[in-house]
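Listed below are the residues making up each chain.
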Amino acid sequence: MAWLGLDWMGWQDWTGATCYLILAMSYLVTSMLWLRSLAVVSLALEAIYFIFAAGEPLWVGIFWSSIFVLINVVQLWRLAQERLRARLSAEEMLLHRGPFAAFTRTAFSRLLRAGAWRDLPAATLLTREGEPVPELLVIGSGTARVAVHGRDVALMQPGAFIGEMSLMMQGNAIATVTTMTACRVFAIAKPDLAGLCTQDTALGAALHRVIGRDLALKLTETHAA
C-alpha cells in the first residue's frame, strides 16, 4: 500500500475508515431494518476505534456510541416484533394484494390494527347521500349498490372503497351505498385514520395515493357508462 500513501495506516485506522464507510452506506438504503442494522455495526466499530486509536480511550465518544448502539438495537427488536405481528389471514392477504398492494406488510398491518372487520347482511345502509360519513370502508367480500338522487349508478365489488370521497374532500357522502348481498367489510373510523396518518406520514401518503387511484378508476368507469 506504500504506493498509495496508506502504509502509515494501522488496523485501528482501517477500523475507523470502515466504520464511516458503513455509516455512509446506511444513508443510501431505504429499508429501516437495514439502516438500523448498518448503524449498529458502524457505531460498534466506532467505539472500538475510540478505544484503541488514541493514546487513551476517548470515553465520551465510547459512551455515546454505546448509547446509539443500544437505541438502534431496541428499535431493531421493535421492528422484529412488528414483523411478527404482521402475519396476515387469507382475507387480509387478498386485501393486501388488491387495493393495498402498494403498502408494505408492516404498514398494512398497522392499518388493520386501527380498524375492524364487520359482517353485514344484505340491504345494510353504509352511507346516505348528503350525510356525514364517520368511517372509511373497504369491501372484502360481497357487493354494494351506489345510488345518486335515487338512481342506481354503480355496483361496488370486493376491494372497493366507500366513503373515500368524503375523506378526501372533508364533506358529506355524495351517494347512498347499500349492500346488495351479505358483505364483509373493513372499517376504520376517520379520527383513528387521521391519527394513524399523522403518526406515520409514509402510510398516510400511500393511503392517499391508493384512494386517488380508486377515485380515478371510478370516474373513468362512470364516464364510460
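Read on for an overview of the structure.

Focus on the environment of Ala-39
Within the secondary structure, Ala-39 sits in helix 2 (residues 32-52). The exposure class of Ala-39 is buried, given its relative accessible area of 9%. When the C-alpha positions of Ala-39 and Val-69 are compared, they lie 7.5 Å apart, and in sequence the two are 30 residues distant.

Some details on the packing of helix 4 (residues 90-97) against helix 5 (residues 105-114)
Packed helix pairs are specified by the crossing angle of their axes together with the interaxial distance, meaning the distance between the axes. Following both chains from N to C, one finds helix 4 and helix 5 inclined at 115 degrees, their axes separated by 11 Å at the closest point. In the crossing of helix 4 with helix 5, the sense of the turn from one axis to the other is right-handed. Here helix 4 contributes Glu-92, Met-93, Leu-95 and His-96 to the contact with helix 5, which in turn contributes Arg-105, Phe-108 and Leu-112. Of the residues assigned to the contact of helix 4 with helix 5, the class counts are four nonpolar, one polar and two charged.

Here's the deal with the packing of aromatic side chains
Going through the model one piece at a time under the given rule, you end up with seven aromatic pairs. When the ring of Phe-100 is compared with that of Phe-103, the centres are 5.2 Å apart and the planes differ by 80 degrees; the resulting orientation is edge-to-face. An identical accessibility class is assigned to Phe-100 and Phe-103; each is buried. Joined through ring pairs, the aromatic side chains of Phe-100, Phe-103, Phe-108 and Phe-161 make up one cluster.

Thresholds applied
- Residues numbered from 1 in each chain as written.
- Predicted model: local features only at pLDDT ≥ 70, side-chain atom pairs only at ≥ 80, totals over all residues.
- Heavy atoms only, no water.
- Helix = DSSP H or I, 4+ residues; strand = E, 2+ residues; numbered from the N terminus.
- Buried < 20%, exposed > 50% of the residue type's maximum accessible area, 1.4 Å probe, protein only.
- Axes fitted to C-alpha atoms, helices over the stretch in contact; angles between N-to-C directions.
- Left-handed = near helix turned anticlockwise from the far one by under 90°.
- Contact = heavy atoms within 4.5 Å.
- Nonpolar A, V, L, I, M, F, W, Y, C, P; charged D, E, K, R; others polar.
- Phe/Tyr/Trp six-rings, centres within 6.5 Å; stacked < 30°, edge-to-face > 60°.

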